[in-house]
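One letter stands for each residue in the lines below.
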Amino acid sequence: MATKKTTAKKGELRIRMYRVGFGDFFLMTVPTDDGPQHILIDCGVTKGKAKKGEHAKGDIGTIKAAVAHMAEETGKKLALIIVTHRHEDHIIGFSRAAEIFNDFKVGAVWMSIWETEYDPDEKKEKKKSLASEFQEELTALALGMQSRLALAGKDDPETDEILAMLRNATGIDDADLAATGGTPSAKKGTGGGSNAASLTFLKTGLNLEPEYYAKGDKPKIPKVLKDAGLTAEILGPPPTDAVDFMKLMDLKKQTGQFLGEAEDANSQTFDPFGTSWHAEAREYPAAAFREFERESKKSPEAAMEATIQAAQPSLLFTAAKILDDFLNNQSLVVLFTFAGKKLLFAGDAQGGNWEYWMYGGTPEKAPSADNIEKDSAAILSRLDFYKVGHHGSTNATPVTAVATMGGDFASMCSTQDGAFGSVDNQSEVPRGPLLDALGKKSKIVRSDHFAITLAGSETPAIEGAPKKLPTPKRGRFERGPIYIDYFP
Amino acid sequence: MKIDNPVTRPLKAYAFDPSAGRLLGNEMSMAVRFQELDPGPVVRDRWARNAIAIVDYDGANKRYYKPVDLDDRGILLRGGLNPSEADPYFHQQMVYAVITNTIQHFEEALGRRIHWRRGLREGDMEAAGREDIWTLNIYPHAFVGQNAFYSPNAHGILFGYFRAGSKDVGRNLPGQPVFTCLSHDVVVHETTHAIVDGIRAFFTEQTNLDVPAFHEAFADLAALFQHFTYQEVLMDTMEKTGGRLYQYQLRPDAEMTGYDDYSTATGQQKKEPLLSAQISARNPLIELAQQFGEATGMNRALRSALGTKPNSDAIEKITEPHARGSILVAAVFDAYFAIYLKRTADLWRIFRAGGGSANPVDIPRPLALRLCDEARGLARLFFRLCVRALDYSAPVDITFGSYLRSIVTADFDLHPEDEMGIRDAIMQSFRLRGIMPEGAGFFSDDSIRWPRAPESLPKVVGLDFGDPNGLTWGQKGKAAEVLRTYVNKNSELLGFSAGVPVLVPSFHPVFRINADGSLRTDMVVEAVQTVEKDFNEAAPKFGKIKFRGGATLIISKPVVGEPGAENNESAIRYVISKNLTPEREVRQRRFGEHLGLAGMSERSRFQINFSMLHGGI
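Calculation rules
Residues numbered from 1 in each chain as written. Chains lettered and ligands numbered in written order. Predicted model: local features only at pLDDT ≥ 70, side-chain atom pairs only at ≥ 80, totals over all residues. Heavy atoms only, no water. Helix = DSSP H or I, 4+ residues; strand = E, 2+ residues; numbered from the N terminus. Buried < 20%, exposed > 50% of the residue type's maximum accessible area, 1.4 Å probe, protein only. Contact = heavy atoms within 4.5 Å. Areas by Shrake-Rupley, 256 points an atom, 1.4 Å probe, with all protein chains shown as cover. Pairing = 2+ DSSP bridges. Axes fitted to C-alpha atoms, helices over the stretch in contact; angles between N-to-C directions. pLDDT = per-residue confidence, 0-100. Polar contact = N/O pair within 3.5 Å; in protein donor to acceptor, adjacent residues only side chain to side chain. Salt bridge = Lys/Arg side-chain N within 4 Å of Asp/Glu carboxyl O.

Undergrad: What's the story with the overall build of chain A in this structure? I'm lost.
TA: A count of helical and extended segments in chain A gives 16 helices and 17 strands. For chain A, buried positions account for 58% of its 488 residues. Counted over contacts in chain A with a minimum sequence separation of 6, partners at least 24 positions apart contribute 71%. When the accessible surface of chain A is summed, it comes to about 19,800 Å², and 51% of that surface belongs to carbon and sulfur atoms.

Laid out in structure tokens, this is it:
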């Protein structure tokens, strides 16, 4: 496969963002005496929400080609793989392109503490860790919700959004679930691979034991990278906590009503009293509807009825969002330092993850801490590179962090417009105001802003994309056939 | 010759919920304030500010159910319909009775009539007017779901109904319909949210972590203290716990003897109940919504009064509103039981001196009655205290720490001597759960109380306090003018920030009886100022927050003979403030960020969404 190599000077650090759609696939190359050494940070994509019959925008179908390109670039040798968390858009590539990854030689794997299989304090007995029980419950819950919704076959924007989030959590295609009545047959995602298969590969398929980290842990940097001068600090996630487990159990109980035992997934309603009790609005005095006369003088009853019908809260949506946040907050957040450059990779960390390392605690522990901890402020105010969290969603880069960030750095945002959220309810990903705010502090490149020219994977840039790459204050961006490079 | 209406109307309801069956006292009769009613029932008096209307509209099935006429002779003569799960007339009756009863308790405690939510008069006045709730609508079967919630948007309270699960459903039948409107606790809880929303307009704005937790705690407290007014249940529990009301388990009707059951396999003696009478029940007084909890597979009640033990660091870890609220509930109940034990110590001494044992299994009925009187009286007192503390709270940004100070101040105002040691008990039980008095200098009674307003503060001249029936429209208009002028003229003296107008969203006279039996009249006034700020100055596109500061003024009506009485000059006794300080601003911003509210601009995003809160999600 012909590849156009970017003009890397000898001894240059390089960060490469592959364009896969809505997902992260980053390759950091560190110059060493043994030649360039590569660190792979996530490899995944998810298709996002899609109306029935429409094409989902998130997956542009290029991940396999990107993996193949990366394989050639690295000679199938990686010093380190970092897997920030187990969402499909960060790990599916490992199983979707299994035939390529199977041949890889890898020096080390770093994963979030939440991926720990066994209790580290009970090595003899091999007791299951709290974390792994949590992950099982979470995945089972997500699968349960996803099956139910897939079977229900509802067609509305909210259901599409929920299904997209759940699909990301399970890595299983809901069409598959719907076709098999709720039990995924091949347990695969659309396009191949599955989260479970990717995790199995990463944990057992590389002939090495991954390292599981939380904030405060000292990471074991592969010797070849350490000798070259690379250091790493683990900023997140917060250590595992039984409180999180309790929260998940509570969520499970609450969503139980949606996963119920009813045969017919569509009819939760039932007549509690029988037809002899049915009545009309006119059997009530006019005063019963007086509250709605301000809404509609002509027909206050209709206004009231409409309000009640719409009043039932969208608990399922919120439950799916919470599940999504649980997983995002498990993200491994790594700050690399090389030759004095600070490079922050934040995975999909949301508020809770950031708060822990920025403030030294969450609001209940440090409710009025207005000062970001000195160390954290020092990191943020003098950045060289920032991998934009969660594909540019609002809550993945807290406003306070943006305000503190400085250093005229460069940012890269791997995303695909239209895959999640909507402008109408100000939830679109990537979020306009966030990118504007980041844009004041850094030069940002979005993956969907440049066209892929690699033969067989041609994909245009999205509408309205700028024609040229920005020029960062330090270093440079360069365009490749299926990626953008940043040389700090 | 016209016969006067009665003062009360007898109506029946479940003291707990249908699953408690006919357990002593579960099917209770309530003497509810008499009101003229139309079928629904709907309160006929359109000018009553605390009116309710039961509108049985089912949003899931899109139909109405027949409204009950509580003036029907058949119902009147029976003293209310008998409890029945299958009869929607009874559901409507129960919901009406329990809500009216709850309103009554609050009005007694507050010393005035309550009113429902008033829209915030800032900006669009018409929209604010549409938000006003004049009559609280109650929808007993509004939707299918394991939820019930107060909805300002629907101008009322919606109750869900659902089918119990197939497993672990306690005393419910698998798959049976369960109606949240038949849970006394749930009805009181939701009504409390609506009442608080009427008292403190800004309390639903999520400015800090304690706000949603406070709402949940306060509503749970109202429901729990209500339990102690049910005489039969109180007596039964008193007897089955040997006077130890704080115990979770009740002594069963029949003891296990040890000869009940043997395991043959291991030859070990196993103690398992043979009879249902040997199964010990949970103490209903200190548990909430047992049927709901069991029907949703929790295998226990929804929450309990003593969920958080002393010496707990839960306050630093727990953020979920119900769990966090439980900390406050446990703190209040810990103090309640401490005083109960102190007050009943003499009774126990007399009992033991008469030959009674130190840890009795059975207690004589006269002793049980006296203990019940004490328990009930104290519950009334504590409930009153918790409710009055709202009047002693700043209008915005409630926290557990400031609520503690409000409780202590409210108690001091009524019982300066604290003969019962209530304030000390409260301070201790709060401290043991990590709830610190916000801004207090020392951990002592006089330091924790809100300080009295400085004597140098100018008096309010010409304020009309009205009478216990409330202010007329004319009186209200004049009083509003006097108060608005006063707070703006003296805004800096009152601690407000210069250059920002001060609004007076509410004021009401309060009539209370002093410890010496004399009547005292106060005016409780909310004064609030608001500034709109960027969520983050560096990033104006992230939307704005409304940052509010406010003060509750407690103004005393001058007593004839006192200085100032001739000229109608009223002294301000308390100015309880949360000013526009940088610390509060940071805390509100951080919390907003924690909730993920940055980047959106519509105002309602900062409001508590009770439907989500009660969905447990």
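Undergrad: For this particular structure, what's the right way to read the overall build of chain B?
TA: Of the regular secondary structure elements, chain B holds 16 helices and 18 strands. With an accessible surface of roughly 24,300 Å², chain B has 53% of that area assigned to carbon and sulfur atoms.

Undergrad: Whenever I open this one, the sheet that holds strand 7 (residues 63-65) of chain B confuses me. Can you help?
TA: To summarise the sheet geometry, strands pair through backbone hydrogen bonds and adopt either a parallel or an antiparallel arrangement. Reading across the sheet, the three strands line up as 10(A)-7(B)-6(B) and stay open at both edges, with antiparallel pairing between neighbours. Only two strands of the sheet have a single neighbouring strand rather than two, namely strand 10 (278-279) of chain A together with strand 6 (57-58) of chain B. Relative to strand 7 of chain B, strand 10 of chain A runs antiparallel, the two sharing two bridges. Bridge pairing links H278 of chain A to Y65 of chain B in strand 7 of chain B.

Undergrad: Explain the side chain of S129 of chain A to me, please; I cannot follow it from the model alone.
TA: Structurally, S129 of chain A is set in the loop between strand 7 (109-112) and helix 5 (130-152). Overall, the relative accessible area of 4% leaves S129 of chain A in the buried class.

Undergrad: Which parts of the structure should I look at to understand the pairing of strand 7 of chain A?
TA: Remember that side chains alternate between the two faces of the sheet whenever the strand is regular. Residues and elements named next belong to chain A. Relative to strand 7, strand 5 (residues 80-83) is paired through three bridges, and the arrangement is parallel. Bridge pairing in strand 7 places I81 opposite V109. When strand 7 meets strand 8 (residues 211-213), the two strands line up parallel, connected through three bridges. Within strand 8, the position partnered with S112 by the bridge is Y213.

Undergrad: Sorry if this is basic, but what is going on with the sheet that holds strand 17 (residues 544-556) of chain B here?
TA: All names here are of chain B. One open sheet accounts for five strands, arranged 14-18-17-16-15; its pairing is antiparallel. With one partner strand each, in any of the chains shown, strand 14 (460-461) and strand 15 (503-513) form the two edges of the open sheet. With respect to the sheet, helix 11 (residues 400-414) is in contact with strand 15, strand 16 (519-534) and strand 18 (569-578), its orientation differing from that of strand 18 by roughly 155 degrees.

Undergrad: Even after reading the chapter, I still don't get the confidence of the model for chain B, so can you show me in this structure?
TA: When pLDDT drops low, the exact placement of atoms in the prediction is not to be read closely. On average, residues of chain B score 85 in pLDDT, and 86% of them are at 70 or above. For this predicted complex, the interface confidence score (ipTM) comes to 0.87, while the overall pTM stands at 0.85.

Undergrad: Can you walk me through helix 16 (residues 432-441) of chain A in this structure?
TA: All buried positions along helix 16 of chain A are accounted for by P433, L434, L435, A437 and L438 of chain A. Buried residues along helix 16 of chain A sit against strand 13 (385-387), helix 15 (399-404), strand 14 (409-413) and strand 15 (442-446) of chain A.

Undergrad: Mind showing me how you'd approach the environment of T204 of chain A here?
TA: Residue and element names in this part refer to chain A. Take T204: it is sitting in helix 8 (residues 195-204). In the structure, T204 is positioned 144 residues away from D348 in sequence and 24 Å away in space, judged by C-alpha atoms. From its side chain, T204 meets the backbone oxygen of T200 in a polar contact 2.6 Å long.

Undergrad: Sorry, what's going on with the pattern of salt bridges here?
TA: For side chains bearing opposite charge, pairing can occur when the charged atoms are close. This model, assessed by the stated rule, comprises 56 salt bridges over all chains. Ionic pairing is found between E115 of chain A and R86 of chain A, a salt bridge with its closest N-O pair at 2.9 Å. Placement of E115 of chain A in the loop between strand 7 and helix 5 and of R86 of chain A in the loop between strand 5 and helix 2 (88-91) is noted, with a sequence separation of 29 residues between them. For the pair shown, E115 of chain A and R86 of chain A are each scored as buried. Residue D417 of chain A pairs with R446 of chain A through a salt bridge whose shortest N-O separation is 3.9 Å. Residue D417 of chain A is located in the loop between strand 14 and helix 16, and its partner R446 of chain A is located in strand 15; the two are separated by 29 residues in the primary sequence. For D417 of chain A, a relative accessible area of 36% puts it in the partly exposed group. When salt bridges with common partners are traced through the structure, they connect D397, E438, K578, R584 and R587 of chain B into a single cluster.

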